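The lines below spell out each chain.
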Amino acid sequence: MRVLVVGDIVGKPGRRAFQQLGRNLTRTHRTDFVIVNGENSAGGFGITPEITEELLSQGADCVTSGNHIWKQREIYGYLDREDRLLRPANYPEGAPGNGWGVYPWAGGRVAVINLMGAASMEPIDCPFRAFDELYREARRETPLVVVDFHAESTSEKAALAHYADGRASLVFGTHTHVQTADERVLPGGTGFITDVGMTGPEDSIIGVAKEGVIDRFLTRMPVRFEVPNTAALLCGLVAELDAQTGRALSLRRVQERVP
């Protein structure tokens, strides 16, 4: 089985990049399942029902998220209705929506778990213990268990991957918007990359107009961040997984510019 992961989609440029490149990447790499992190797809902050449906119609099989999932109020009720849109599973009980799901692909089913880091992020339940609980449930359904770990700390991402090694098929990091060059298969058979990167305006500072970010650092004053509507770069990962054992076989980073 081959999974295409598309890194954090930022605003209109990121959505445009996925629209123009997503299906071509699926054909080129012969992927069976597509996971897209969409938590910055609505103007850089959050996601709406309309954007979720747009991404699903353009080839996403599952849309994951992170700390900005609550930015657009209309998403709250929608999360309870659309199980292909996930919010981090380690929010406390009572949060709308689901943090994981089991989805069909041509050869069976695959579980996707969405977790958020606790280090240098807003207060949230322990992602490690949440993984333990959800992995046990997911493994009853399928040997293929993929984790989007939306976290700030590189060490926390690596720690969770090693903690899950031999259990999860793939742990990929999101949130920091910079693709890392450390993709590898861990000793127990879990694929891991610290961050798959961002899908959004390349001439920016992690998806935001440069001028506002620079001004914020210079003045320390509040600044309204804007997503520039410029040429975009799609960053992601193609993972080949053994459908019988759930082990990762190979990982390949993807970087594609909108022509």
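Residues numbered from 1 in each chain as written. Predicted model: local features only at pLDDT ≥ 70, side-chain atom pairs only at ≥ 80, totals over all residues. Heavy atoms only, no water.

A few points about the environment of M121
Note the following rule: Where helices and strands are cited, they refer to DSSP runs of H or I of at least four residues and of E of at least two residues respectively, numbered from the N terminus. What makes two residues a contact is simply this: any of their non-hydrogen atoms within 4.5 Å.
Relative to the helices and strands, M121 resides in the loop between β6 (108-116) and α4 (127-139). Expressed as a C-alpha distance, the spacing of M121 and E152, which sit 31 residues apart in the sequence, is 6.8 Å. Beyond its immediate chain neighbours, meaning those up to four positions away, M121 contacts N67, M116, H150, E152 and H175.

Some details on the packing of α4 against helix α5 (residues 154-164)
Our working rule: Working convention: axes come from line fits to C-alpha atoms, limited for helices to the stretch in contact. Angles between N-to-C directions cover 0 to 180 degrees. To sort the angles, those under 35 degrees are grouped as roughly parallel, those over 145 as roughly antiparallel, those from 65 to 115 as roughly perpendicular, and the leftovers as oblique. Handedness of a helix crossing follows the sense of rotation of the near helix relative to the far helix, less than a right angle counterclockwise being left-handed and clockwise being right-handed. Note on residue categories: nonpolar means Ala, Val, Leu, Ile, Met, Phe, Trp, Tyr, Cys or Pro, charged means Asp, Glu, Lys or Arg, and polar means any other residue, Gly included.
Taken N-terminus to C-terminus, the directions of α4 and α5 make an angle of 30 degrees; their axes are 11 Å apart at the nearest point. In this view, α4 runs roughly parallel relative to α5, as classed from their interaxial angle. Classified by chirality, the crossing of α5 by α4 is right-handed. Touching P127, F128, F131 and D132 of α4 are E156, A159, L160, Y163 and A164, all from α5. Looking at the contact of α4 with α5 residue by residue, the classes come out as seven nonpolar, no polar and two charged.

Here's the deal with the nonpolar core
Our working definition: Here the nonpolar core consists of buried residues drawn from Ala, Val, Leu, Ile, Met, Phe, Trp, Tyr and Cys, with membership extended through side-chain atoms lying within 4.5 Å. For every residue, the accessible area (1.4 Å probe, protein chains only) is compared with the maximum for its type, and the residue is labelled buried under 20%, exposed over 50%, or partly exposed between those bounds.
Judged by nonpolar contacts, the single largest core of 31 residues is most densely connected at F18, V36, I47 and L55. Elements represented by at least two residues in this core include exactly β1 (2-6), α1 (11-29), β3 (33-37), α2 (49-57), α3 (75-81) and β12 (232-241). Here the element with the most residues in this core is α1; it accounts for four residues. With near-sequence residues (within four places) excluded, L55 lies in contact with I9, F18, V36, I47, A60 and V63.

Examining the sheet that holds strand β7 (residues 145-150)
Each strand in a sheet pairs with another by means of backbone hydrogen bonds, the pair being arranged parallel or else antiparallel. Just so we agree on the cut-off: By definition, two strands form a pair when at least two bridges between them are found by DSSP.
Taking strand neighbours across the sheet as the criterion, the six strands line up as β5-β6-β7-β8-β10-β9 in an open arrangement whose pairing is mixed. Strands at the two margins of the open sheet, each flanked by one partner only, are β5 (100-105) and β9 (184-185). Bridge analysis of β5 against β6 gives six bridges, and the strand direction is antiparallel. Residue pairing across strands places V102 opposite A111, the latter belonging to β6. The strands touched by α4 are β5, β6 and β7; relative to β6, the strand with the most contacts, the crossing angle is about 165 degrees. Taken strand by strand, α5 contacts β6, β7, β8 (170-174), β9 and β10 (191-193), and its axis lies near 170 degrees from that of β8.

With respect to the environment of F172
Looking at where F172 falls in the secondary structure, it is placed in strand β8. A relative accessible area of 1% places F172 in the buried class. Residues F172 and S57, spaced 115 residues apart in sequence, show a C-alpha to C-alpha distance of 23 Å.

Remarks on the pairing of strand β13 (residues 248-257)
Note: β12 against β13, nine bridges, orientation antiparallel. The residue of β13 that forms the bridge with G236 is V254. A loop of six residues connects β12 with β13, the two strands running antiparallel in sequence, and G246 in this loop sits at a positive phi of about 85 degrees.

What about unusual backbone geometry?
Despite not being glycine, S120 has its phi angle at roughly 60 degrees, a positive value. As for its position among the elements, S120 is in the loop between β6 and α4. You can call S120 exposed: its relative accessible area is 67%. Unusually for a residue other than glycine, I206 sits at a positive phi of about 45 degrees. Mapping I206 onto the fold places it in the loop between β11 (198-201) and α6 (210-219).

What about the pattern of salt bridges?
Spelled out, the test is: Here, a salt bridge means any side-chain nitrogen of Lys or Arg that lies within 4 Å of a carboxyl oxygen of Asp or Glu.
For the structure shown, the criterion picks out 11 salt bridges. In this structure, the salt-bridge partner of K210 is D203, at a minimum N-O distance of 2.9 Å. A relative accessible area of 30% places K210 in the partly exposed class.

Considering the side chain of N37
Cut-off, in case you're wondering: Any pair of N or O atoms that falls within 3.5 Å is considered a polar contact. Within protein, one atom must be able to donate a hydrogen and the other to accept it, and sequence-neighbouring residues count only if both atoms are side-chain atoms.
Among the structural elements, N37 can be located in strand β3. Take N37: its relative accessible area is 0%, and that puts it in the buried class. Only 3.4 Å separates the side chain of N37 from the backbone oxygen of S65, close enough to count as a polar contact. Within the structure, the side chain of N37 is placed 3.0 Å from the side chain of D148, a separation counted as a polar contact. The residues touching N37, leaving out its near neighbours within four places in the chain, are V6, G7, D8, I9, T64, S65, D148, H150 and T174.

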